[in-house]
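Structural features, examined
Residues per chain are reported as follows:
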Amino acid sequence: MFSLVAFIPRAILQGMPLLFGCTGETISEKAGSLNLGIPGVMYVGAICGVIGSFLYEQSCGGQVVPIIAILIPFLACLAGSLIMGLLFAFMTVSLRANQNVVGLAMTTFGIGFGNFFGGSLMKLTGASVPSIALSATSKCFRKALPFANDCGAFGKIFLSYGFMTYLAVAIAIVTAFILTKTRIGLQLRAVGENPATADAAGIDVTKYKYFAICIGCMIAGLGGLFYVMDYANGVWSNDAFGDRGWLAIALVIFTLWKPNVAIFGSILFGGLYILNLFIPGAGMATKELYKMLPYVVTIIVLIITSMRRKREHQPPESLGLPYFREDR
Amino acid sequence: MKEKHKHIKEPLVKLSRRADLDRKHSWSYRALAILAALVVDGIIIMLVVHMNPFDIYSTMFMGAFGTTRKIWVTLKELSLLLLISIALTPAYRMKFWNLGGEGQVLMGAWATAFCMIYLGDKLPSGLLLLVMFVAAIVVGGIWAFIPAVFKAKWGTNETLFTLMMNYVAIQMVAYFIIKWEMPKGSGHVGIINQATQAGWLPYLGSNSYALVVGFVVIVTIGMHVYLKYSKHGYEISVVGESQRTATYVGISVDKVIIRTLILSGGICGFAGWLIVSGSDHTITTTLAGGMGFTGIMVSWLAQFNVIVMILCSLLIVFMGQGASEIATSFGLNEAFGDILTGIIIFFIIGVEFFINYKLHFRKSSGKEEA
């Protein structure tokens, strides 16, 4: 039986990592940087959180203090993603390297980094546990409002999540607001549309690009952290995160660079990912075809927007291009 | 702040574009970058496994070239990576970002496996190989043709389109893997036609991958000639330099884009054929192993120079094989190689900046300048 009350929370849980990734990537793309390293950044964010939390849980023997158990992986994740962001910004903005190549290299590196430490952490630290299962930390991350269960269907659909779900939505809304309604957002978009004009108007292009890339990466990294700590119950297994990073990039296009739309887009994509579980009679094979849907839909959106040529729906004008003041 | 300075503050470093740096200098810069990358990699390995750097690199060397078998595996990997880079090169010459190599290889592999499974017992071996070959190239070509048409007709962003096509391909192959799985429920296709070896590329003597390597050499030479000496090759570079010039001199840009992409995808499909028929004899969603992406980096880093492409591929494959040797002997995860390769690539990308730009430091005016 198809049950909406059971389906929606699971779709939301699937969607939130995508929402984090999508919001981060949108900020970066709005400043003209096509960061294809996002899948790698999300892996790095996740594994840094895992390493931080693993060391903490090992050192205190399972008796965790909730606030610290949340703060340590959170900060570790932000720091890891920030370093990846700085790397991308340094390579593409300061060294003017090609964004696609740097991005892909970062993804290769990031996924390798995640899988290496995910697979070797026990060995490297000499811990005597068979696998990484951070259930104590995960419990803190998943703590929902205490009265969620008493509110029936409403509570199940809206209140049953850990704090990071609400954080994702809040970040998306704030980002959408900043991008469209504030001066900073306007200047950021100017940098992405035409850096030369922005430069002439006195906007510090380099600064905007650096900040957009770094903040974008930090938000995206949280998506990885959410996946491990909340969705996967604190269990790390290599490659489990899969292609969600690319799905986040697809979501950016699907939502036409609008983080507020991405809130619903991410739930839709998340829903497509698990639709097979809720449709009776769908076999293992059909499941793979459902997973294809988000990409197909994204391609269709991409085609339609390019055919209609509506200006507000186009990718940022200078997306993917390096900027060198003296090249004009 | 601003009132304190009487004249405008001069930035610490000023950049200017270099006129072409001569080859000797630019290559010595690149060599230095690779050396620096190897040193950094060595340090990282040292920190992780506590070995001295010379032992590390000799272990890695043994991992890549230690036995005849290992040499052949390394050569095969090298050839495949080179082949995929070669396939992507004509597209880049045209400034068309084909990020879909992974999907095109996979679709070629899918077509190959399809023929092996459904025609394996119906056709004689030689004809079967030919059918597989044609099918792989056609399907790979189609996979690149789709984004090319939309790029040519409506200017649809090809970077994002080809990227998405990868995952459509992966999911499609995932679907067929479950359809074909042997035994049922295992989630694997297993070795196809193990008993009859129908559709397997024959081994030449004990040199198991000689044919694979041979094919790649032929394609490499062919592509070099095509790009350098044919009319098509000329048209590709004109379109890459400026689409307006191309239109002006009477080149049909749409046609060149579509034709070149079919070629690019077709060769990727060919790589898929080589992988399934010549080496793996099975199909998985990860069979391209990220080479579609690594190939992009190789192709771009080598600036379309075939010799450099070979060296680049060799370096990347060597690091991959070597790191997996270290990882296995220390019980670490195989992804180690990806970290090391990533670092090398960052260095090679980074050095391009110093080749293309010149730094002018501010003349120090009494104060200490860093």
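All of these numbers come straight from a predicted model, not from anything done at the bench.

**Considerations on the overall build of chain A**
Broken down by element type, chain A carries 13 helices and 0 strands. Here the C-alpha atoms of chain A give a radius of gyration of 20 Å, agreeing with the 20 Å that 2.2 N^0.38 yields for 328 residues. For the C-alpha atoms alone, the extent of chain A along its principal axes is close to 60 × 45 × 40 Å. Within chain A, the proportion of its 328 residues that are buried is 53%.

**So, the overall build of chain B**
Across its full length, chain B carries 13 helices and 2 strands. Taken along its principal axes, the extent of the C-alpha atoms in chain B is 85 × 60 × 40 Å. Burial statistics for chain B: of 370 residues in total, 48% are counted as buried. A fraction of 77% describes how many contacts in chain B between residues 6 or more apart in sequence connect residues 24 or more apart.

**Things to note about the environment of V213 of chain B**
Residue and element names in this part refer to chain B. Looking at the secondary structure, you find V213 in helix α7 (residues 210-229). Its 21 C-beta neighbours within 10 Å are what place V213 among the buried residues. Expressed as a C-alpha distance, the spacing of V213 and S79, which sit 134 residues apart in the sequence, is 5.7 Å. Setting aside its immediate chain neighbours within four residues, V213 contacts L75, K76 and S79.

**Digging into unusual backbone geometry**
The phi torsion at R96 of chain A lies on the positive side, around 55°, for a residue other than glycine. Position of R96 of chain A relative to the elements: it lies in the loop between α3 (66-94) and α4 (99-125). A positive phi angle, close to 60°, is found at K95 of chain B, a residue other than glycine. Counting through the fold element by element, K95 of chain B comes out in the loop between α3 (68-93) and α4 (101-119).

**As for the interface of chain B and chain A**
At the junction of the two partners, chain B supplies 42 residues and chain A supplies 42 residues. Of all the secondary-structure elements, those providing two or more residues to the side of chain B that touches chain A are β1 (13-17), α5 (125-154), α6 (158-180), α11 (291-301) and α13 (336-356) of chain B. The element that contributes the greatest number of residues to the side of chain B that touches chain A is α6 of chain B, accounting for 12 residues. In terms of residue class, the side of chain B that touches chain A is built from 25 nonpolar, 13 polar and 4 charged.

**Describing α3 of chain B**
All names here are of chain B. Here α3 contains 26 residues, and its C-alpha end-to-end distance of 37 Å stays within 8% of the 38 Å for a straight helix at 1.5 Å per residue. Across the 26 residues of α3, 19 count as buried, placing the element largely inside the fold. Where α3 ends, the next residue or the one after it, K95, has phi of about 60°, a positive value.

**A word on the pairing of β1 of chain B**
All names here are of chain B. Among the 5 residues of β1, 0 are classified as buried, and the element is accordingly described as predominantly exposed. When β1 meets strand β2 (residues 357-361), the two strands line up antiparallel, connected through 5 bridges. Among the inter-strand pairings, K14 is bridged to a residue of β2, identified as H360.

**A short note on helix α10 (residues 205-231) of chain A**
Residue and element names in this part refer to chain A. For α10, spanning 27 residues, the distance from its first C-alpha to its last is 38 Å, which sits close to the expected 39 Å at 1.5 Å a residue. Where α10 bends most, at L225, the angle is about 25°. The element α10 is extensively covered by neighbouring structure, given that 24 of its 27 residues are classed as buried. N233 occupies a position one or two residues after α10 and carries a positive phi of about 60°.

**A closer look at the environment of G155 of chain A**
Structurally, G155 of chain A is set in helix α6 (residues 152-159). Taking the C-alpha atoms as reference points, G155 of chain A and L75 of chain A, 80 residues apart in sequence, are found 30 Å from one another.

**Description of the packing of α4 of chain B against α6 of chain B**
In a packed pair of helices, the relevant descriptors are the angle between the two axes and the axis-to-axis distance. All names here are of chain B. α6 packs onto α4 with a crossing angle of 25° between their chain directions and a minimal axis gap of 8 Å. Our classification of the angle between α4 and α6 gives roughly parallel. At the point where α4 passes α6, the crossing takes the left-handed sense. Between α4 and α6, the residues in contact are E102, G103, L106, M107, W110 and I117 and M165, N166, V168, A169, I170, V173, F176 and W180, respectively.

**Quick word on the environment of A6 of chain A**
Structurally, A6 of chain A is set in helix α1 (residues 4-30). Linking A6 of chain A and A153 of chain A, residues 147 residues apart in sequence, is a C-alpha distance of 9.1 Å.

**Some thoughts on the packing of α7 of chain B against helix α10 (residues 253-280) of chain B**
Residue and element names in this part refer to chain B. With their axes 10 Å apart at the nearest point, α7 and α10 run at an angle of 165° to one another. Relative to α10, the element α7 is oriented roughly antiparallel. Crossing of α7 against α10: the hand is right-handed. In this structure, α7 uses L211, V212, F215 and V219 to contact α10, whose residues at the interface are I267, L274, G278 and S279. Tallied by class, the residues present in the contact of α7 with α10 amount to 6 nonpolar, 2 polar and no charged.

About the thresholds
Residues numbered from 1 in each chain as written. Chains lettered and ligands numbered in written order. Predicted model: local features only at pLDDT ≥ 70, side-chain atom pairs only at ≥ 80, totals over all residues. Helix = DSSP H or I, 4+ residues; strand = E, 2+ residues; numbered from the N terminus. Rg over C-alpha atoms; globule rule 2.2 N^0.38 Å. Buried ≥ 20, exposed ≤ 12 C-beta atoms within 10 Å, placed from the backbone. Contact = placed C-beta atoms within 7 Å. Nonpolar A, V, L, I, M, F, W, Y, C, P; charged D, E, K, R; others polar. Expected span 1.5 Å × (residues − 1). Pairing = 2+ DSSP bridges. Bend = angle between axes of the 7 residues up to and from the residue. Axes fitted to C-alpha atoms, helices over the stretch in contact; angles between N-to-C directions. Parallel < 35°, antiparallel > 145°, perpendicular 65-115°, else oblique. Left-handed = near helix turned anticlockwise from the far one by under 90°.

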